[in-house]
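These are the residues of each chain, in order.
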Amino acid sequence: DQQVKQNSPSLSVQEGRISILNCDYTNSMFDYFLWYKKYPAEGPTFLISISSIKDKNEDGRFTVFLNKSAKHLSLHIVPSQPGDSAVYFCAALSNTNAGKSTFGDGTTLTVKP
Amino acid sequence: NAGVTQTPKFRVLKTGQSMTLLCAQDMNHEYMYWYRQDPGMGLRLIHYSVGEGTTAKGEVPDGYNVSRLKKQNFLLGLESAAPSQTSVYFCASSDRTHQPQHFGDGTRLSIL
(Lines give C-alpha, C1' and ligand atoms only; values in the text may rest on other atoms or scores of the structure.)
Protein backbone atom coordinates (compact mmCIF):
# COMPACT_ATOMS: atom_id res chain seq x y z
CA ASP A 1 0.00 0.00 0.00
CA GLN A 2 1.54 3.26 -1.14
CA GLN A 3 1.73 5.66 1.80
CA VAL A 4 2.66 8.75 -0.23
CA LYS A 5 0.82 9.41 -3.49
CA GLN A 6 1.27 11.98 -6.20
CA ASN A 7 -1.80 11.39 -8.33
CA SER A 8 -0.79 13.62 -11.24
CA PRO A 9 2.06 12.09 -13.25
CA SER A 10 2.45 15.30 -15.23
CA LEU A 11 1.55 18.98 -15.22
CA SER A 12 2.01 21.61 -17.90
CA VAL A 13 1.79 25.35 -17.20
CA GLN A 14 2.60 28.58 -19.00
CA GLU A 15 5.62 30.62 -17.95
CA GLY A 16 4.66 33.22 -15.36
CA ARG A 17 1.61 31.33 -14.13
CA ILE A 18 1.26 29.35 -10.91
CA SER A 19 2.21 25.66 -10.72
CA ILE A 20 0.48 23.58 -8.06
CA LEU A 21 1.77 20.11 -7.34
CA ASN A 22 -0.15 17.87 -4.99
CA CYS A 23 0.72 15.03 -2.63
CA ASP A 24 -1.47 12.86 -0.41
CA TYR A 25 -0.38 10.59 2.41
CA THR A 26 -2.04 7.93 4.50
CA ASN A 27 0.24 7.47 7.51
CA SER A 28 -0.81 9.82 10.31
CA MET A 29 2.58 9.28 11.98
CA PHE A 30 4.36 11.31 9.28
CA ASP A 31 5.56 14.54 10.85
CA TYR A 32 8.01 16.02 8.36
CA PHE A 33 7.53 16.53 4.65
CA LEU A 34 9.93 17.51 1.91
CA TRP A 35 9.86 18.34 -1.76
CA TYR A 36 12.72 17.40 -4.04
CA LYS A 37 13.35 18.43 -7.62
CA LYS A 38 15.05 16.18 -10.15
CA TYR A 39 16.52 16.97 -13.54
CA PRO A 40 17.32 14.16 -16.01
CA ALA A 41 20.59 12.31 -15.34
CA GLU A 42 20.99 14.04 -11.98
CA GLY A 43 20.13 13.13 -8.43
CA PRO A 44 17.19 14.76 -6.62
CA THR A 45 17.91 18.04 -4.90
CA PHE A 46 16.11 19.36 -1.86
CA LEU A 47 13.68 22.18 -2.51
CA ILE A 48 11.60 22.94 0.58
CA SER A 49 10.27 21.22 3.70
CA ILE A 50 7.58 21.60 6.31
CA SER A 51 7.09 20.26 9.80
CA SER A 52 3.69 18.96 10.88
CA ILE A 53 3.47 21.74 13.46
CA LYS A 54 3.17 24.27 10.64
CA ASP A 55 0.67 24.65 7.85
CA LYS A 56 2.75 26.78 5.51
CA ASN A 57 6.39 27.34 4.65
CA GLU A 58 7.66 29.80 2.07
CA ASP A 59 11.01 30.16 0.33
CA GLY A 60 11.11 32.67 -2.48
CA ARG A 61 8.90 31.47 -5.33
CA PHE A 62 8.16 28.19 -3.55
CA THR A 63 5.49 27.67 -0.91
CA VAL A 64 4.45 24.38 0.65
CA PHE A 65 1.04 24.04 2.31
CA LEU A 66 0.14 21.25 4.70
CA ASN A 67 -3.42 20.20 5.55
CA LYS A 68 -3.06 17.58 8.27
CA SER A 69 -6.76 16.81 8.59
CA ALA A 70 -6.90 15.99 4.87
CA LYS A 71 -3.44 14.38 4.88
CA HIS A 72 -2.57 16.55 1.92
CA LEU A 73 0.28 18.83 0.99
CA SER A 74 0.87 20.99 -2.02
CA LEU A 75 3.76 22.85 -3.57
CA HIS A 76 3.06 26.22 -5.19
CA ILE A 77 5.55 27.77 -7.59
CA VAL A 78 4.88 31.40 -8.46
CA PRO A 79 5.77 32.59 -11.00
CA SER A 80 6.72 29.44 -12.88
CA GLN A 81 9.85 29.58 -15.05
CA PRO A 82 11.05 27.27 -17.84
CA GLY A 83 13.97 26.26 -15.60
CA ASP A 84 11.46 24.81 -13.16
CA SER A 85 10.70 22.03 -15.66
CA ALA A 86 11.70 18.86 -13.80
CA VAL A 87 10.30 15.92 -11.86
CA TYR A 88 9.10 16.83 -8.37
CA PHE A 89 8.96 14.27 -5.61
CA CYS A 90 7.29 14.66 -2.25
CA ALA A 91 8.66 12.68 0.66
CA ALA A 92 7.53 12.06 4.22
CA LEU A 93 9.22 10.98 7.44
CA SER A 94 8.06 9.96 10.87
CA ASN A 95 9.80 9.87 14.22
CA THR A 96 9.17 6.15 14.41
CA ASN A 97 10.96 5.46 11.13
CA ALA A 98 14.63 6.13 11.92
CA GLY A 99 15.13 8.79 9.27
CA LYS A 100 13.70 6.77 6.41
CA SER A 101 11.88 8.84 3.81
CA THR A 102 8.89 7.52 1.92
CA PHE A 103 8.68 9.00 -1.58
CA GLY A 104 5.83 9.56 -3.96
CA ASP A 105 6.15 8.54 -7.61
CA GLY A 106 6.80 12.08 -8.79
CA THR A 107 5.11 14.68 -10.98
CA THR A 108 6.76 15.89 -14.17
CA LEU A 109 6.32 19.65 -14.47
CA THR A 110 6.71 21.31 -17.85
CA VAL A 111 6.76 25.11 -17.95
CA LYS A 112 6.19 26.42 -21.47
CA PRO A 113 7.78 29.72 -22.53
CA ASN B 1 32.39 20.72 -3.08
CA ALA B 2 31.91 17.08 -4.06
CA GLY B 3 28.96 16.27 -1.76
CA VAL B 4 27.88 12.70 -2.58
CA THR B 5 29.85 10.83 -5.23
CA GLN B 6 28.72 7.56 -6.76
CA THR B 7 30.97 5.15 -8.64
CA PRO B 8 30.49 3.91 -11.35
CA LYS B 9 28.00 6.05 -13.29
CA PHE B 10 27.06 3.28 -15.73
CA ARG B 11 27.49 -0.47 -15.76
CA VAL B 12 26.23 -3.42 -17.77
CA LEU B 13 26.29 -6.83 -16.14
CA LYS B 14 25.33 -10.31 -17.16
CA THR B 15 22.89 -12.30 -15.08
CA GLY B 16 24.68 -13.97 -12.19
CA GLN B 17 27.62 -11.57 -12.06
CA SER B 18 28.43 -9.65 -8.91
CA MET B 19 29.40 -6.05 -8.39
CA THR B 20 29.75 -3.33 -5.78
CA LEU B 21 28.50 0.22 -6.05
CA LEU B 22 30.44 2.78 -4.07
CA CYS B 23 29.03 5.89 -2.42
CA ALA B 24 31.26 8.48 -0.79
CA GLN B 25 30.21 11.65 1.04
CA ASP B 26 32.41 14.43 2.31
CA MET B 27 29.90 16.21 4.56
CA ASN B 28 30.54 14.12 7.69
CA HIS B 29 26.92 12.95 7.64
CA GLU B 30 25.81 10.20 9.99
CA TYR B 31 22.99 8.79 7.89
CA MET B 32 23.42 7.19 4.48
CA TYR B 33 20.90 5.54 2.18
CA TRP B 34 20.68 3.46 -0.98
CA TYR B 35 17.61 3.81 -3.21
CA ARG B 36 16.55 2.41 -6.54
CA GLN B 37 14.37 4.21 -9.03
CA ASP B 38 12.47 2.36 -11.72
CA PRO B 39 10.69 4.06 -14.63
CA GLY B 40 7.59 5.98 -13.56
CA MET B 41 8.19 5.24 -9.92
CA GLY B 42 9.55 7.05 -6.95
CA LEU B 43 12.62 6.21 -4.94
CA ARG B 44 12.46 2.97 -3.01
CA LEU B 45 14.79 2.45 -0.07
CA ILE B 46 17.02 -0.61 -0.30
CA HIS B 47 19.22 -0.31 2.80
CA TYR B 48 20.32 2.48 5.05
CA SER B 49 22.79 3.26 7.81
CA VAL B 50 22.46 5.53 10.83
CA GLY B 51 26.17 5.55 11.58
CA GLU B 52 29.52 3.94 10.95
CA GLY B 53 29.35 0.18 11.39
CA THR B 54 25.53 0.03 11.30
CA THR B 55 23.18 -1.05 8.52
CA ALA B 56 19.47 -1.77 8.31
CA LYS B 57 17.00 -3.04 5.74
CA GLY B 58 14.74 -0.73 3.84
CA GLU B 59 11.70 -1.38 1.73
CA VAL B 60 13.28 -3.59 -0.98
CA PRO B 61 16.43 -5.23 0.49
CA ASP B 62 16.30 -8.67 -1.16
CA GLY B 63 19.26 -9.44 -3.43
CA TYR B 64 21.42 -6.65 -2.01
CA ASN B 65 23.95 -6.32 0.78
CA VAL B 66 25.60 -3.23 2.22
CA SER B 67 28.53 -2.24 4.38
CA ARG B 68 29.48 0.96 6.22
CA LEU B 69 33.01 0.33 7.46
CA LYS B 70 33.93 4.01 7.26
CA LYS B 71 31.64 6.91 8.04
CA GLN B 72 32.13 8.50 4.64
CA ASN B 73 31.53 5.38 2.54
CA PHE B 74 28.48 3.22 1.97
CA LEU B 75 28.82 0.21 -0.33
CA LEU B 76 25.97 -1.60 -2.07
CA GLY B 77 26.65 -5.13 -3.30
CA LEU B 78 24.82 -7.35 -5.71
CA GLU B 79 25.98 -10.93 -5.16
CA SER B 80 24.22 -12.52 -8.15
CA ALA B 81 22.70 -9.94 -10.45
CA ALA B 82 19.23 -10.54 -11.91
CA PRO B 83 17.45 -8.65 -14.74
CA SER B 84 14.91 -7.38 -12.16
CA GLN B 85 17.73 -5.36 -10.61
CA THR B 86 18.09 -3.25 -13.73
CA SER B 87 17.49 0.23 -12.37
CA VAL B 88 19.00 3.57 -11.49
CA TYR B 89 20.58 3.51 -8.05
CA PHE B 90 20.88 6.62 -5.92
CA CYS B 91 22.90 7.11 -2.79
CA ALA B 92 22.03 9.83 -0.31
CA SER B 93 23.24 11.16 3.01
CA SER B 94 21.85 13.35 5.76
CA ASP B 95 23.19 14.85 8.94
CA ARG B 96 20.49 13.20 11.04
CA THR B 97 16.85 12.28 10.79
CA HIS B 98 14.31 14.91 9.75
CA GLN B 99 16.88 16.69 7.61
CA PRO B 100 17.01 16.96 3.83
CA GLN B 101 18.98 14.26 2.09
CA HIS B 102 21.81 15.01 -0.30
CA PHE B 103 21.85 12.74 -3.34
CA GLY B 104 24.50 11.55 -5.73
CA ASP B 105 23.86 11.63 -9.46
CA GLY B 106 23.03 7.95 -9.67
CA THR B 107 24.40 4.73 -11.14
CA ARG B 108 22.57 3.38 -14.16
CA LEU B 109 22.80 -0.42 -13.98
CA SER B 110 21.63 -2.77 -16.72
CA ILE B 111 21.57 -6.51 -16.24
CA LEU B 112 21.25 -8.66 -19.32
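Now for a look at the structure at hand. (Residues numbered from 1 in each chain as written. Chains lettered and ligands numbered in written order. Predicted model: local features only at pLDDT ≥ 70, side-chain atom pairs only at ≥ 80, totals over all residues. Heavy atoms only, no water.)

### Concerning the sheet that holds strand β7 (residues 64-67) of chain B
All names here are of chain B.
- Spatial ordering of the open sheet is given by β1-β3-β8-β7, a layout of four strands whose pairing is antiparallel. Only two strands of the sheet have a single neighbouring strand rather than two, namely β1 (4-7) and β7. Neighbouring strand axes in the sheet, compared pairwise and without regard to direction, differ in orientation by 20 degrees on average.
- Sheet topology note: the β1/strand β3 (residues 19-25) ladder contains four bridges and is antiparallel. In the sheet register, glutamine 6 faces β3, and the bridge partner there is cysteine 23. (Pairing = 2+ DSSP bridges. Helix = DSSP H or I, 4+ residues; strand = E, 2+ residues; numbered from the N terminus. Axes fitted to C-alpha atoms, helices over the stretch in contact; angles between N-to-C directions.)

### Examining the sheet that holds strand β7 (residues 62-67) of chain A
Residues and elements named next belong to chain A.
- The five strands are arranged β1-β3-β8-β7-β6 in an open sheet whose pairing can be described as antiparallel. Across the chains shown, the open sheet's two edge strands, defined by having one partner strand only, are β1 (4-5) and β6 (56-59).
- In this sheet, β7 lies alongside β6 in antiparallel orientation, the contact comprising four bridges. If you follow aspartate 59 over to β7, its bridge partner there is phenylalanine 62.

### So, the nonpolar core
- Counting residues in each nonpolar core, the largest one holds 23 residues, and the members touching the most others are Phe33, Trp35, Leu73, Leu75 and Tyr88 of chain A.
- Of all the secondary-structure elements, those providing two or more residues to this core are β3 (19-25), β4 (30-38), β5 (45-51), β7, β8 (72-77), β9 (86-94) and β11 (107-112) of chain A.
- Here the element with the most residues in this core is β9 of chain A; it accounts for four residues.
- Residues within four places of leucine 75 of chain A in sequence aside, it is in contact with Ser19, Ile20, Leu21, Trp35, Leu47, Ile48, Phe62, Thr63 and Tyr88 of chain A.
- Core analysis: the second largest hydrophobic core is formed by 19 residues, Leu13, Met19, Tyr64 and Leu109 of chain B among them. (Core = buried A, V, L, I, M, F, W, Y, C linked by side-chain atoms within 4.5 Å. Buried < 20%, exposed > 50% of the residue type's maximum accessible area, 1.4 Å probe, protein only. Contact = heavy atoms within 4.5 Å.)

### Section: the layout of surface pockets
- By volume, the largest pocket amounts to about 630 Å³.
- Taken together, 34 residues make up the lining of the largest pocket; nearest its centre are Lys38 of chain A together with Gln37, Val88, Phe90 and Arg108 of chain B.
- Put simply, the parts of the chain that give the lining of the largest pocket at least two residues each are β9 of chain A together with β9 (87-94) and β11 (107-111) of chain B.
- For the lining of the largest pocket, the leading source of residues is β11 of chain B, giving four residues.
- Looking at the lining of the largest pocket, its residues break down into 13 nonpolar, 13 polar and eight charged.
- If you go around the second largest pocket, you meet 21 residues; those closest to its centre are Thr102 and Phe103 of chain A together with Leu43, Arg44 and Glu59 of chain B. (1 Å grid on protein atoms, 1.4 Å probe; cavity = no way out; pocket = protein on both sides within 12 Å on 5 of 7 lines; lining within 4 Å. Points joined across faces, edges and corners; volume = space filled by probe spheres on them. Nonpolar A, V, L, I, M, F, W, Y, C, P; charged D, E, K, R; others polar.)

### With respect to the side chain of histidine 76 of chain A
Residue and element names in this part refer to chain A.
- Inspection of the secondary structure puts histidine 76 in strand β8.
- For histidine 76, the side chain forms a polar contact with the side chain of serine 74, separated by 3.4 Å.
- Beyond its immediate stretch of four places on either side in the chain, histidine 76 contacts Ile18, Ser19, Ile20, Arg61, Phe62, Thr63 and Phe65. (Polar contact = N/O pair within 3.5 Å; in protein donor to acceptor, adjacent residues only side chain to side chain.)

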